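Descriptive structure summary
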Amino acid sequence: MLLGETIQVALGALRANKLRSILTMLGVVIGVAAVVAMVALGRGAQESVNRRISALGTTLLTVIPGQVFNRGVAGDADRARLTMDDADALANRSSDYITAVQPEMQRQMQVQYANRNTNTSIIGTTSNYPEVRKYTMSSGRMFTEAEDRAHERVAVLGAAVPANLGLTDAEAAVGAPIRIGGMQYTVVGVLASKGQTGGFQNPDDQVLIPLSTARFRSFGSDRLRSINVLARTEAEIPQAMAEIQRVIRREHKLRPGRDDDFTIRNQSDFLSTLGETTQVFTY
């Protein structure tokens with residue numbers, strides 16, 4: 001049969017069965033649209049993961065205390081410790097793979113300004129927090145290393161905190177006196193909004209204070225929640241992790257054969273895992 005006759009027969013069949021033809025075309029259109037939409041959602045999810053991890057820093061390594069098991073059971077009381085000695089040992093070690101060390105401790109405390117108050121996360125940390133955690137300043141400045149050494153009562157607010165305290169904007173917050181756990185502090189800066197990066201904690205709802213001030217005035221503890229470390233490059237993350245492991249094991253006097261009483265988290269591994277998850281979703 002010639003091509004022209006084949007086309008005429010096909011068109012005749014379509015005209016003779018208009019409803020069936022329309023339903024068939026509709027099914028094809030819906031099917032193609034669904035495939036395109038699912039692929040777009042999968043790629044969008046992957047891009048969202050990439051942006052979130054990039055906001056945290058792909059070379060960021062986080063050391064957290066591990067669990068110490070007692071007769072097969074572990075609880076908060078059995079949690080191993082990270083202290084300033086661990087952070088100092090990492091910071092004072094000459095390394096080709098580590099560029100920055102940022103320890104931090106954290107408590108939930110009440111923050112008060114005038115007649116307004118809010119309960120938020122108070123983080124005692126060092127002056128390199130914005131560099132390590134990829135924050136920028138919206139207004140004012142970060143507290144300095146000298147203010148940290150002097151135990152100064154200065155604070156840097158997360159982007160969401162001024163509004164929670166009834167302050168009109170970030171500029172109005174700088175210089176304002178606030179009370180943290182009943183102790184007066186002076187706001188010296190406000191962080192730019194980080195946006196929700198996943199998890200349960202809002203990274204904009206926090207207040208930073210100097211680590212030494214937290215240790216000796218507000219918290220009265222030397223116990224760290226975590227130690228954040230920047231590797232020089234993504235390619236050198238394994239060497240940086242190995243070096244961190246050696247230093248902390250030596251500080252904790254762990255003999256060969258004993259398990260680590262701490263964990264090193266790698267943002268790049270997190271990115272890879274989530275990327276694989278969203279790829280499966282796309283498939």
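Here the structure is a predicted model, which is why all the values come from computation and not from measurement.

So, on to unusual backbone geometry. Trans is the prevailing form of peptide bonds, just as negative phi is the prevailing case for residues other than glycine. Positive phi is not limited to glycine here, since K134 has a value of about 60°. Secondary-structure assignment places K134 in the loop between α4 (129-133) and β4 (137-140). Here the phi dihedral of K253 falls at roughly 55°; this positive angle occurs in a residue that is not glycine. Take K253: it is sitting in the loop between α9 (237-251) and β10 (262-266). Residue class for K253 comes out exposed when judged on its relative accessible area of 69%.

All right, on to helix α8 (residues 211-218) then. Listing the buried residues of α8 in full gives L211, S212, T213, A214 and S218. The first or second residue beyond α8 is G220, which carries a positive phi of 65°.

Another aspect to go through is the pattern of salt bridges. Evaluation of the coordinates by the stated rule reveals eight salt bridges. Ionic pairing is found between E236 and R232, a salt bridge with its closest N-O pair at 2.5 Å. Relative accessible area serves as the criterion here: at 46%, R232 is assigned to the partly exposed category. R249 is the salt-bridge partner of D260, the closest N and O atoms lying 2.5 Å from each other. Of this pair, D260 sits in the loop between α9 and β10 while R249 sits in helix α9, and the two are 11 residues apart along the sequence.

Turning next to the pairing of strand β1 (residues 60-65). On a regular strand, each side chain points to the face opposite its neighbour's, so the side chains alternate between the two faces of the sheet. Counting buried positions along β1 yields six of six residues, so the element is predominantly enclosed. Where burial is concerned, the two faces of β1 agree: the one with L60, T62 and I64 and the one with L61, V63 and P65 are both buried. In terms of strand pairing, β1 meets strand β9 (residues 226-231) through four bridges, oriented antiparallel. Residue pairing for β9: L60 is matched across the bridge by L230.

Let's shift gears to the pairing of strand β3 (residues 116-125). When you tally the buried positions in β3, you get seven out of 10 residues, the bulk of the element. As paired elements, strand β2 (residues 98-113) and β3 share 10 bridges and run antiparallel to each other. Within the sheet, the bridge partner assigned to Y113 lies in β3 and is R116. Linking β2 to β3, which pair antiparallel, is a turn of two residues; within it A114 sits at a positive phi near 55°. For β3 and strand β8 (residues 206-210), the ladder comprises five bridges, and the chain directions are parallel. Note on β8: the bridge partner recorded for G124 is I209.

Criteria and thresholds
Residues numbered from 1 in each chain as written. Predicted model: local features only at pLDDT ≥ 70, side-chain atom pairs only at ≥ 80, totals over all residues. Heavy atoms only, no water. Helix = DSSP H or I, 4+ residues; strand = E, 2+ residues; numbered from the N terminus. Buried < 20%, exposed > 50% of the residue type's maximum accessible area, 1.4 Å probe, protein only. Salt bridge = Lys/Arg side-chain N within 4 Å of Asp/Glu carboxyl O. Pairing = 2+ DSSP bridges.

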